Amino acid sequence: MKKKQYQKMNWAEIESIVYSDCSHPFQILGPHTMGKETLLQAFFPYAGSVKVCFDDGTGEELVLEEVEEEGFFAVFFPNRKKLSYHYEVLTPSGEVKCVKDPYAFPVPLSDKEAMPFLRGVDDSADQLFAPRETELKSVKGVLFRVYAPNAVRVSVIGPFNRFDGRMNPMEKDDKTGIFTLFLPGIEAGAEYCYEIKKKSGDVLVRRDPYALSYGDSHLAACKVMAKDTFAWKDASWIAQRKQRKDPATNLSIYTLKAEDIPAGEGELFENSCKEMISQLLKLSCTHIKIVGLWESIGHKPYPVKGFLAVKESLLAASALKKFVNLCHKNNIGVLTELAIAYFGNDESGLAYFDGTHLYEHADARKGYHSYFDACLFQYRTPQVQSLLYTSLRFLLDEFHLDGFVWMDVASMLYLDYKKTAGEWICNEQGGNCNFEAVSLIREMNAYLETYDKGLLSVACIDAVWSQVTRLSGEESLGFDYVENHGITDALVSFVNADVYRKRNALYDVLRQAKYAFCEGFVLPDKWNDSDLLYAIEEAEEKAASRKLLDAVATFYPGKKMFAYSALETMNAEECNAFYAKTPLLYENDMNSDSLRFIETTDSPSSVLSFARIKEEDMLLVIANASGEDLKDLRVAAPLPGKYKVVLAMNSQVPRGMNTTEETACNKLAQSFVCDLPAWGMKVFSYRAFTDKELAQIAERKRKQKIQMVKEERARIEKERDRIIAEAIRDASEQIQLLEKELKELE
């Protein structure tokens, strides 16, 4: 290289490349026209030699000179009308690699692309950031973008460049803070991540916030997603979702773990899916909820690695899409858990992403939660809002999900949730409400409603918050349903309580009934966690108690949520089929007149009794939460009439009907007698007496009254005769005594 050519080179910029401090690599790397010559510069650390081969059919090649010992190569050549080339790089192992120059493919970023993201209104930010296979200048490759406004330098790293952050620095758009680079030759399945250099000089390795798939080589590894050609066939289901969301319809949700969903492809996969769906249909299931859909950081499902990518096993061969499609074909909706309350505190995630608190609050009292060992979002920042809205839209578009169950909502709503003094800071009004989160929740629920009125939004809140669901008022958080942990906790405590505490535990259940209609409730199945039923030691009894709790929950007001893994412990098919075909149990879940608890002051403390009522229709539920059989149990009846067993657990359904007697029980005027097995439940349908039966009862009462009057008259006459006889006898005795005394005196 000539001296004049050396002088044309920007050595300060070259050093910024060599020492990996460059945020504008296109200013130095790649081809640059200098008068009648073109300067081509490349950086290949460890390369033995580099030559450029022109792809214009001439076969011309030029050797690049290593102008810096660290692997910086350059060459001057006369300008060419059409410049297309690739490098041949000699590696230390002696292998020659053909490499297209990424810096020959500048990718401009328009305001139209970036501004929605920067304003926090972009629900399609994955289209801007998520790496996908694309083609530039007839060359195939992958376009990478990442938002890191405070970084000195960002590089794409992966096996393709030995994870060396010096080799593929990205071009920064100073106006937006977005880094961009197109890498030719990279294909779907390639692992990558981002190396970010802080202003302090420290280097961070980060996962892509918009990764669509994850690798397994290390915690930060992401994968380029292949284009999916899956053809959905669920248009009729999507069109009918709104009707199925009506609160007056039955809703039975079964919880599946992600690993329960069949994986793979071919006939075995199809048969496994059909078998599972057949079982769900037998259970009268209307929806399923998938738990652990995302890749997690540790052994627990949450926090997750990211908010777009699902487990790799479900991505392979479009397994999840095929499963959802088949569910929709069989009229089963699919929900998943939504965990946006916090994100991982691991060294490869969003925390301190670009060397600053980009996604979390800088103040640890607002940005960190020790209980979860996780970071808390700055919900009002545009990058957070765009990420979360994109997550919603992507999951709905990509996997045709039918809604979400929001996890740990309490940790979003309350600044002091599960925090101790000194770990939180109050809001501007001096309270503990997180106004940012409240606004975001309302806005995101409104977004879901706008996206599709048939989507379900369910809140999991283990704390008190008034007006959670739309059914509770206009100032609500906008959810369709909220899990009713109050009644489920009370039922678990009732089952756990010993004989001395059972009565008080029962009163707690009765108190919870006061709140059964203030929200749109879903009853979560919490008792399948064996640790909660700590007081029951025997495995058989523990299984029987779970079966009883599931059965009681089926008849209690509120939509249903059961664990699919617990089906062996419950009479699920019979209970849920009964629920699905009985409108009384789901049509008036918000009507307080539909539930009547019956006090059991005259019954054993293990007895739980309540009635479900709709106009003239009624079901009476009697449950025995103990291991003792109850023989000849007198059951208080809400109304006089006939009661027939329509469902029995742990016993056969008896023939015939129970006719009420005018015998007071549990503060009610009528009752009947039945047997109730250990951990058993009976459900009675009710029929009022017919006019004929009432006439017969009246006639029977009349005859009984006549007989009673006759018997009473006979008793009184007998008593009269006895009294008269005794009086005559006493009078005779007194007369005799008087006569005797008179004789003695005379």
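1. Describing the overall build of the protein chain
Across its full length, the protein chain carries 17 helices and 35 strands. Split into buried and exposed, the 746 residues of the protein chain put 53% on the buried side. For the protein chain, restricting intrachain contacts to residue pairs at least 6 apart in sequence, the fraction spanning at least 24 positions comes to 71%. Of the roughly 34600 Å² that the protein chain leaves accessible, carbon and sulfur atoms contribute 50%. Each charge class in the protein chain was averaged separately, 91 positive and 111 negative side chains, and the resulting centres sit 4 Å apart.

2. Let's talk about the pairing of strand β10 (residues 139-147)
Burial of β10 is extensive: 7 of the 9 residues sit out of reach of the surface. Of the strand pairs in this sheet, strand β9 (residues 133-136) and β10 are connected by 4 bridges, and their pairing is antiparallel. Paired with Thr-134 across the bridge in β10 is Gly-141. Pairing geometry for β10 and strand β13 (residues 178-184), over 7 bridges, is antiparallel. Counterpart to Val-142 in the pairing with β13 is Leu-183.

3. Here's the deal with empty space enclosed by the protein
Throughout the structure, instances matching the rule amount to 12 cavities of 30 Å³ or more. Approximately 110 Å³ is the volume attributed to the largest cavity. Around the largest cavity, the lining comprises 15 residues; the ones closest to its centre are Lys-366, Leu-376, Ser-411, Leu-415 and Asn-434. If you add up the space inside the second largest cavity, you get close to 70 Å³. Around the second largest cavity sit Pro-247, Leu-471, Tyr-481, Ala-516, Glu-519, Gly-520, Phe-521, Pro-557, Gly-558, Lys-559, Asp-589 and Met-590, which together line it. Of the residues that constitute the lining of the second largest cavity, the class distribution is 7 nonpolar, 2 polar and 3 charged.

4. Some thoughts on the sheet that holds strand β26 (residues 521-523)
Taken in spatial order, the 8 strands close into a barrel running β17-β18-β19-β23-β24-β25-β26-β27, and their pairing is parallel. Shown here is a sheet whose adjacent strand axes are inclined to one another by a mean of 30°, direction ignored. Here 4 bridges tie strand β17 (residues 252-257) to strand β27 (residues 559-563), and the two strands are oriented parallel to one another. Residue Ile-253 lies in a different strand from β27, and its bridge partner there is Met-561. Against the sheet, helix α8 (residues 319-329) makes contact with β17, β18 (287-291) and β19 (333-338), and its axis sits at roughly 130° relative to β19, the strand it touches most.

5. A closer look at the packing of aromatic side chains
Tallying each qualifying case throughout the model produces 33 aromatic pairs. Summarising the aromatic geometry, the rings of Phe-597 and Phe-610 are spaced 5.4 Å apart at their centres and angled 55° between planes, so their arrangement reads as tilted. Of the two residues, Phe-597 is situated in strand β28 (residues 595-597) and Phe-610 in strand β29 (residues 607-614); the sequence distance between them amounts to 13 residues. For the pair formed by Phe-597 and Phe-610, the shared burial category is buried. Connected via pairs of aromatic rings, a cluster forms that spans Phe-117, Phe-129, Tyr-147 and Tyr-210. Over the face of the ring belonging to Phe-54 we find Arg-80, whose NZ or CZ atom lies 3.8 Å from the ring centre.

6. What to know about the nonpolar core
Core analysis: the largest hydrophobic core is formed by 142 residues, its most contacted members being Phe-72, Ile-288 and Trp-406. In terms of residue count, helix α10 (residues 382-399) provides more of this core than any other element does, 9 residues in total. Residues Leu-510, Ala-544, Ala-623 and Leu-647 belong to the second largest nonpolar core, which totals 44 residues.

7. Considerations on the pattern of salt bridges
This model, assessed by the stated rule, comprises 45 salt bridges. Note that Glu-60 is salt-bridged to Arg-80, the shortest N-O span being 3.0 Å. Of this pair, Glu-60 sits in the loop between β3 (49-54) and β4 (61-63) while Arg-80 sits in the loop between β6 (72-78) and β7 (85-90), placing them 20 residues apart in sequence. Asp-498 is the salt-bridge partner of Arg-501, the closest N and O atoms lying 2.6 Å from each other. Each member of the salt-bridge network shares a partner with another, and the members are Lys-245, Glu-449, Lys-453, Arg-470 and Asp-480.

8. Describing the sheet that holds strand β8 (residues 96-99)
Picture the strands of a sheet paired through backbone hydrogen bonds; they go either parallel or antiparallel. Spatial ordering of the open sheet is given by β4-β3-β7-β8, a layout of 4 strands whose pairing is antiparallel. Two strands lie at the open edges of the sheet, namely β4 and β8, each paired on one side alone. When strand polarity is set aside, the average angle formed by the axes of neighbouring strands in this sheet is 25°. As paired strands, β3 and β7 are joined by 6 bridges and run antiparallel to one another. Across the sheet, the residue bridging to Ser-49 is Leu-90, located in β7.

9. A look at the side chain of Ser-605
Counting through the fold element by element, Ser-605 comes out in the loop between β28 and β29. According to the relative accessible area criterion, Ser-605 is buried, its value standing at 13%. Not counting residues within four places of it along the chain, the set of residues in contact with Ser-605 comprises Phe-494, Val-499, Lys-502, Arg-503 and Leu-506.

10. So, the packing of helix α6 (residues 266-282) against α8
At a minimum axis distance of 10 Å, the contact between α6 and α8 shows a crossing angle of 40°. On the basis of their axis angle, the class for α6 and α8 is oblique. Along this stretch, α6 crosses α8, giving a crossing that reads as right-handed. Where α6 approaches α8, its residues Phe-269, Cys-273, Lys-274, Met-276 and Ile-277 are matched on the opposing element by Ala-319, Lys-322, Phe-323, Leu-326 and Cys-327. A breakdown of the residues in the contact of α6 with α8 according to their chemical character gives 8 nonpolar, no polar and 2 charged.

11. Focus on the layout of surface pockets
If you add up the space inside the second largest pocket, you get close to 600 Å³. As for the second largest pocket, its lining consists of 30 residues, and the residues nearest its centre are Phe-44, Val-99, Phe-160, Asn-161 and Met-167. For the lining of the second largest pocket, the secondary structure elements donating two or more residues are β2 (37-43), β7, β8 and β13. Top contributing element to the lining of the second largest pocket by residue count: β7, with 3 residues. Taken together, the residues of the lining of the second largest pocket sort by class into 20 nonpolar, 5 polar and 5 charged.

12. Thoughts on the pairing of strand β35 (residues 681-687)
Moving residue by residue along a regular strand, the side chains alternate between the two faces of the sheet. The element β35 is extensively covered by neighbouring structure, given that 5 of its 7 residues are classed as buried. Bridging between strand β30 (residues 617-624) and β35 involves 5 bridges; their strand directions are antiparallel. Within the sheet, the bridge partner assigned to Leu-619 lies in β35 and is Ser-685. In the sheet, strand β32 (residues 642-649) pairs with β35 via 7 bridges, with the strands oriented antiparallel. If you follow Lys-642 over to β35, its bridge partner there is Arg-687.

13. Examining unusual backbone geometry
Trans is the common state for peptide bonds, and a negative phi is the common state for residues other than glycine. The residue Asn-331 is not glycine, and still its phi comes out positive at about 60°. If you trace the backbone, Asn-331 turns up in the loop between α8 and β19. You can call Asn-331 partly exposed: its relative accessible area is 42%. Of note in this structure, Asp-373 is not a glycine but carries a positive phi near 50°. Relative to the helices and strands, Asp-373 is located in the loop between β21 (368-369) and β22 (374-375).

14. Here we look at α8
α8 sits mainly inside the fold: 9 of its 11 residues count as buried. The complete set of buried residues in α8 reads Ala-319, Leu-320, Lys-321, Phe-323, Val-324, Asn-325, Leu-326, Cys-327 and His-328. Looking one or two residues past α8, Asn-331 carries a phi angle of roughly 60°, positive in sign.

What counts and what doesn't
Residues numbered from 1 in each chain as written. Predicted model: local features only at pLDDT ≥ 70, side-chain atom pairs only at ≥ 80, totals over all residues. Heavy atoms only, no water. Helix = DSSP H or I, 4+ residues; strand = E, 2+ residues; numbered from the N terminus. Buried < 20%, exposed > 50% of the residue type's maximum accessible area, 1.4 Å probe, protein only. Contact = heavy atoms within 4.5 Å. Areas by Shrake-Rupley, 256 points an atom, 1.4 Å probe, with all protein chains shown as cover. Lys, Arg positive; Asp, Glu negative; His and termini not counted. Charge placed at Lys NZ, Arg CZ, Asp CG, Glu CD. Pairing = 2+ DSSP bridges. 1 Å grid on protein atoms, 1.4 Å probe; cavity = no way out; pocket = protein on both sides within 12 Å on 5 of 7 lines; lining within 4 Å. Points joined across faces, edges and corners; volume = space filled by probe spheres on them. Nonpolar A, V, L, I, M, F, W, Y, C, P; charged D, E, K, R; others polar. Axes fitted to C-alpha atoms, helices over the stretch in contact; angles between N-to-C directions. Phe/Tyr/Trp six-rings, centres within 6.5 Å; stacked < 30°, edge-to-face > 60°. Lys NZ or Arg CZ within 6 Å of the ring centre and 35° of its normal. Core = buried A, V, L, I, M, F, W, Y, C linked by side-chain atoms within 4.5 Å. Salt bridge = Lys/Arg side-chain N within 4 Å of Asp/Glu carboxyl O. Parallel < 35°, antiparallel > 145°, perpendicular 65-115°, else oblique. Left-handed = near helix turned anticlockwise from the far one by under 90°.

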